[in-house]
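Notes for the structure review
So the chains spell out like this:
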Amino acid sequence: MQVQFLGHSALALHHEGHTVLLDPFLSGNPALQGRAIPALKPTTILLTHAHADHLGDTEALSKQHRAPVIATYELGVWLEKRGCPAIPANMGGRIQQPWGWARLVPAFHSSSCEGEYMGMPCGVVFEVGGVTFYHAGDTCVFSDMALIAELNRPQVAFLPIGGHFTMDLQEALKAVELIRPDVVVPIHYDTFPPIRTDAEEFRRQVEAHTFTRVRIMKALDTWEVELPARQA
Ligand code: NI
Ligand code: MN
């Protein structure tokens, strides 16, 4: 079970020949400038919303690899019309996949593409390789993060910390207190000037106030995830 951070909000999770790709903003991603974009063969693409810094290379990768895209209904239908094998869905139940499952959960944000409304934005909880992850998408903090955590018990959370469009450090610390994951990986910061922040300060704050460990990943870093088995 390997997590590969692709910069900004983009992640690839590799497990037993499957690749789960989230928010694949690769071409034009400032965090990857001057770097070779890794060749990715996604099994499934998970999308939190339609903004360009998340939709990214979804259409090309989905078509090239016939990878289904799980997204909120309006965005999924829009992708289908463009020839992608999408799975239009919405917040609530689990969507089973060959590698595990995904569940769309609320996020407080917006979702549009070139001025067209693309349905609700969301976060996504998913399980792969026996580990449960929560990618919050773009969002402010909200108290129902505690409900998402109670129902899904994510061990790893990917949380935006860059502010301006999403949570800043203060809000993201509160989110960690609500979610209580074993590990939090900060995302969606330093990519553009308005979202510059101090991830090391986030680490200090979280590790001073909670039992969660902070894993700061640079673009293209990989992490072999080994977490203790969860108690029943
Ligand atoms: Ni956004
Ligand atoms: Mn964004």
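As shown above, the structure is provided for reference.
One structure accompanies this document, and this report is about it. Small disclaimer: the values here were computed from a predicted structure and weren't measured. (Residues numbered from 1 in each chain as written. Chains lettered and ligands numbered in written order. Predicted model: local features only at pLDDT ≥ 70, side-chain atom pairs only at ≥ 80, totals over all residues. Heavy atoms only, no water.)

1. Some points on the coordination of the manganese ion (ligand 2)
- Summarising the metal site, the manganese ion (ligand 2) is bound by the protein donors Asp53 (OD), His54 (NE2), Asp138 (OD) and His188 (NE2), whose distances to it range over 2.1 to 2.2 Å.
- Here the manganese ion (ligand 2) and the nickel ion (ligand 1) are spaced 3.3 Å apart, and both take Asp138 as a donor. In this pair, His54 sits in helix H1 (residues 52-55) while Asp138 sits in the loop between strand S12 (131-135) and helix H4 (145-152), placing the two residues 84 residues apart along the sequence.
- Using a relative accessible area of 0% as the deciding quantity, one classes His54 as buried.
- Asp138 sits in the buried class, given a relative accessible area of 2%. (Donors = N, O, S within 2.8 Å, 3.2 Å for Na, K, Ca; no water. Helix = DSSP H or I, 4+ residues; strand = E, 2+ residues; numbered from the N terminus. Buried < 20%, exposed > 50% of the residue type's maximum accessible area, 1.4 Å probe, protein only.)

2. A few points about helix H3 (residues 73-81)
- Along H3, the positions that sit buried rather than exposed are Leu75, Gly76, Trp78 and Leu79. For H3, the buried positions fall inside an angular range of 160 degrees around the axis, keeping them on one side.
- Contact partners of the buried residues in H3: H1, helix H2 (58-65), strand S5 (69-72), strand S6 (86-89), strand S9 (112-113) and strand S10 (116-117).
- Once H3 ends, the next one or two residues include Gly83, with phi positive near 95 degrees. (Arc of directions from axis to C-beta. Contact = heavy atoms within 4.5 Å.)

3. Section: the sheet that holds strand S8 (residues 100-106)
- Here we have 7 strands laid out as an open sheet, ordered S7-S8-S11-S12-S13-S14-S15, and mixed in their pairing. Looking along the sheet, the strands with just one partner apiece sit at the ends: strand S7 (95-97) and strand S15 (213-214).
- Examined bridge by bridge, S12 and strand S13 (residues 156-160) share 3 bridges and lie parallel to one another. Residue pairing for S13: Tyr134 is matched across the bridge by Ala157.
- Strand contacts of helix H5 (residues 169-179): S12, S13 and strand S14 (183-187), with the helix running at about 155 degrees to S13, the strand carrying the most contacts. (Pairing = 2+ DSSP bridges. Axes fitted to C-alpha atoms, helices over the stretch in contact; angles between N-to-C directions.)

4. Topic: the packing of H5 against helix H6 (residues 199-209)
- As a packed pair, H5 and H6 sit with axes 10 Å apart at the nearest point and diverge in direction by 35 degrees. Both H5 and H6 take part in a crossing whose hand is right-handed. Between H5 and H6, the contacting residues are Leu169, Ala172, Leu173, Val176 and Glu177 on the first element and Glu201, Phe202, Gln205, Val206 and His209 on the second.
- Residue classes in the contact of H5 with H6 are distributed as 6 nonpolar, 2 polar and 2 charged. (Left-handed = near helix turned anticlockwise from the far one by under 90°. Nonpolar A, V, L, I, M, F, W, Y, C, P; charged D, E, K, R; others polar.)

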